[in-house]
Amino acid sequence: MNGMLPKHKHRLWAWAGSRELHIQTGMRIAAAVIGGYALTVSTLAAGAAWLPWPKLDLLFGTAFLAPLVYLAAVLWAFLAPTAGRAWQGLAGVIIPCCLLVWLAGR
Amino acid sequence: MKRTSTWQQALRPFHTWAGLIFGWLLFVIFFTGTLAVFEEEITHWMQPVGRAETVTPHEALEAADKKLRLLAPQADSWTIAMPQARSQALEIGWTNGKIKQEKQLDGASGKILAVPETDGGRFFSLFHFQLHSGKIGEWLVTISGVMMLAALVSGIVLHRRVFHDFFAGRWRPNWLSFHLMSGAATLPFVVMITYTGLTITFFSLLTAVPQVLYGNQWQGAYRLIAQPFDRPPVTASAPLRPLPELLSRAEAELGAGTIGFIRVTQPGKTQAVVTFYRKVDDTLVAIASRAAFDGVSGELLGSQTSWNERVTWHRMMVGLHIGKFGGYPVAWLYFIAGLLSSAMIAAGLVFFSVKRRPQQARQGTILRMVYRALESINVAVIAGLLIACAAYFWGNRLLPATLAHRADAEVQVFLISWAAMLVHALARTPQRAWLEQLSLAAVLWGGIPVLNSLTSQAGFSRSWQRGDGVMCSVDAMALLGGMALAGIAWRLYRRNAGRPVEQLGGSKNWLRTG
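Keep in mind it's a predicted model, so treat the numbers as computed, not measured.

Trainee: Looking at this model, I keep getting lost on the layout of surface pockets. Mind explaining?
Mentor: Where empty space is left becomes clear once a probe the size of a water molecule has been rolled over the atoms. Residues and elements named next belong to chain B. Counted as a void, the second largest pocket has a volume near 1500 Å³. Residue lining of the second largest pocket: 47 residues in total, with Ala-343, Leu-386, Ala-484, Leu-485 and Ile-488 positioned closest to the centre. If you list the elements that add at least two residues to the lining of the second largest pocket, you get helix H1 (2-36), helix H2 (39-46), helix H7 (175-205), helix H12 (327-360), helix H13 (365-398), helix H15 (430-446) and helix H18 (469-496). Looking at the lining of the second largest pocket, the element that brings in the most residues is H18, giving 15 residues. Of the residues in the lining of the second largest pocket, the class split is 36 nonpolar, six polar and five charged.

Structural data, given as structure tokens:
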């Protein structure tokens, strides 16, 4: 059930006991808040860097899109099978987007 | 049912825990935002000075012009906020370097009005998106806003029958039912107000996007979209034209009686520019059309009344959020919807604790303490905020008028009384804390009209005679709020009466459970 920290899984279990769910929930909330923030900033920055649209459209468009992107990330953080998978999925978007922004800045 | 139950299973912990943590923030954001709907009216209450009957814009500007020439002939810039439908104040300001000064004038006599220094209702609108902590607060509010949207999605997934029950009028007298019914009723409003709010905060917070698009040339969005009329600073002086003379020409550009704000840069210099801004309280697109004049020759430098389409869309979001486009009917609609939304959030928070009460007897000490602390925070956030807001009104009337940094001191009253309520809530059992804080809130809100009549010349009966409906309405709404809170506190007292405190701690009858 838990994909996170596989080495320490049994210790987590022993320590947390029935609080497993609470730890999972805490990790998911962290993924939703922090990961969602990183995902929103990186995708929109990457979009602004690479989409061939007028700058003003991109500038104001991000304000309209940002809440929806963040919302999607938050929901994903809870719909993913485990908290670990949630982080993996977020990282799978954030890292390529950061690379794209970095490439555009070169 | 079976297929969707995994979604429900996945989203339930989110709605419970993120709902609790961000619910605290959201209640604060929604409630102070609701008060901010009547920002101007609260400011009017907080500056109780007799103002002359409505003056014409011409007279007002003449008075402001005369005073500014007298007080600040050498200033870098002047600002004049003209009397408006919902705010009769005529406010002049000037800056010298970094020093800013503001005064209120009586439009008819041209005299400076001795008003107490206060942030007035503006405090609530700033607090509702900054939480008194600048950019960090803005991010907290933004993240809470996203969580609000996610809570709506998860709430609907968890309680899919809610709309069915809502339209069938099937509600029960418990916290869950109230949470669900008010949630269904306010859903369109909450989606609108949260989304529009987020488009505003994200626009200012996502600095990475303009950084990518414009790099170091980025100087803020309005450099891109507004025509620049300002001129480089000079030292050579030249007489400034009388401002009232320019007013009629500005009105010809922007519409008669529509000037809301005037800005003069480099008054008394050869490069003086006078810019007239149109009011925005009659348009959904909250961006001010403007006309600029050469301050010396009086020549029209240009006007801007149309904006880029993207900007128009964005400012429409702003207009929808601040709700100033439809006068009092829309303001009341926003106020009532805002109160109901705040109550929806509060009911969710209360339900969190109420639901967990019966289980507490079986739980370990640590878990019991955690749940008790969470409920104490519930009390401090909900009842404590109601007290702090009322205390802000009391501070406005009771702090000495001549106190240095008086506006900041009023905010301190708000913050300190709130912190005191947190300490109180943690020190008492939750039942006692609820009862005591709700009673105190009832007294403070209900006492506002009394306080007003004792400490100012603007008490209810006098304001009524003067025809000051705004002052009377603020008093009346405070009294109404106090009475409603007293009613809730009374119900709570009746439920608690006759039961020893320790029994109350584990009682599931305390405010019927869901």
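After presenting the structure, the write-up continues.
Trainee: It is not clear to me how the sheet that holds strand S7 (residues 290-294) of chain B should be interpreted in this structure. Could you clarify?
Mentor: The strands making up a sheet are joined through hydrogen bonds of the backbone, oriented either antiparallel or parallel. All names here are of chain B. With antiparallel pairing, eight strands are arranged side by side in an open sheet as S4-S3-S2-S1-S5-S6-S7-S8. Bordering the open sheet on either side are strand S4 (112-113) and strand S8 (300-304), each of which pairs with just one other strand. Bridge count for strand S2 (residues 90-96) against strand S3 (residues 99-105) is seven bridges, and the pairing is antiparallel. If you follow Leu-90 over to S3, its bridge partner there is Leu-105.

Trainee: Just to check I follow, could you spell out the pattern of salt bridges for this structure?
Mentor: Any two side chains of opposite charge can pair if their charged atoms end up close together. Tallied over the full model, the rule gives 18 salt bridges over all chains. Residue A:Asp57 pairs with B:Arg310 through a salt bridge whose shortest N-O separation is 2.6 Å. Here A:Asp57, found in helix H3 (residues 55-79), pairs with B:Arg310, found in helix H11 (residues 309-322), and the two come from separate chains. Judged by its relative accessible area of 23%, A:Asp57 falls in the partly exposed class. For B:Arg310, a relative accessible area of 27% puts it in the partly exposed group.

Trainee: Whenever I open this one, unusual backbone geometry confuses me. Can you help?
Mentor: Most of the time, phi is negative for any residue but glycine, and the peptide bond is trans. All names here are of chain B. You will see that Leu-131, though not glycine, has its phi angle at about 50 degrees, which is positive. Mapped onto the elements of the fold, Leu-131 is located in the loop between helix H4 (122-130) and helix H5 (134-158). Here His-405, not a glycine, exhibits a phi torsion of approximately 50 degrees, which is positive. Mapping His-405 onto the fold places it in the loop between H13 and helix H14 (406-427).

Trainee: Just checking my understanding: could you explain the interface of chain B and chain A for this structure?
Mentor: By a widely used convention, the size of an interface equals the accessible area lost when the partners come together. Contacts between the two partners involve 38 residues from chain B and, on the opposite side, 31 residues from chain A. A combined buried area of about 3200 Å² lies between chain B and chain A, and 86% of that area is made up of carbon and sulfur atoms. Our enumeration of links across chain B and chain A arrives at one salt bridge. Linking chain B to chain A there are three residue pairs in polar contact (both at pLDDT 80 or more). When residues of the side of chain B that touches chain A are traced back to their parent elements, those giving at least two are H1, H5, H7, helix H8 (208-214), helix H9 (221-225) and H11 of chain B. The biggest single contributor to the side of chain B that touches chain A is H1(B), with nine residues.

Trainee: Which parts of the structure should I look at to understand the side chain of B:Glu41?
Mentor: Residues and elements named next belong to chain B. Structurally, Glu-41 is set in helix H2. Take Glu-41: its relative accessible area is 4%, and that puts it in the buried class. At 2.9 Å, the side chain of Glu-41 and the side chain of Arg-86 are in polar contact. Among residues more than four places away in sequence, those in contact with Glu-41 are Arg-86, Tyr-328, Val-470 and Val-474.

Procedures and definitions
- Residues numbered from 1 in each chain as written.
- Chains lettered and ligands numbered in written order.
- Predicted model: local features only at pLDDT ≥ 70, side-chain atom pairs only at ≥ 80, totals over all residues.
- Heavy atoms only, no water.
- 1 Å grid on protein atoms, 1.4 Å probe; cavity = no way out; pocket = protein on both sides within 12 Å on 5 of 7 lines; lining within 4 Å.
- Points joined across faces, edges and corners; volume = space filled by probe spheres on them.
- Helix = DSSP H or I, 4+ residues; strand = E, 2+ residues; numbered from the N terminus.
- Nonpolar A, V, L, I, M, F, W, Y, C, P; charged D, E, K, R; others polar.
- Pairing = 2+ DSSP bridges.
- Salt bridge = Lys/Arg side-chain N within 4 Å of Asp/Glu carboxyl O.
- Buried < 20%, exposed > 50% of the residue type's maximum accessible area, 1.4 Å probe, protein only.
- Contact = heavy atoms within 4.5 Å.
- Buried area = accessible area lost by both parts, 1.4 Å probe.
- Polar contact = N/O pair within 3.5 Å; in protein donor to acceptor, adjacent residues only side chain to side chain.

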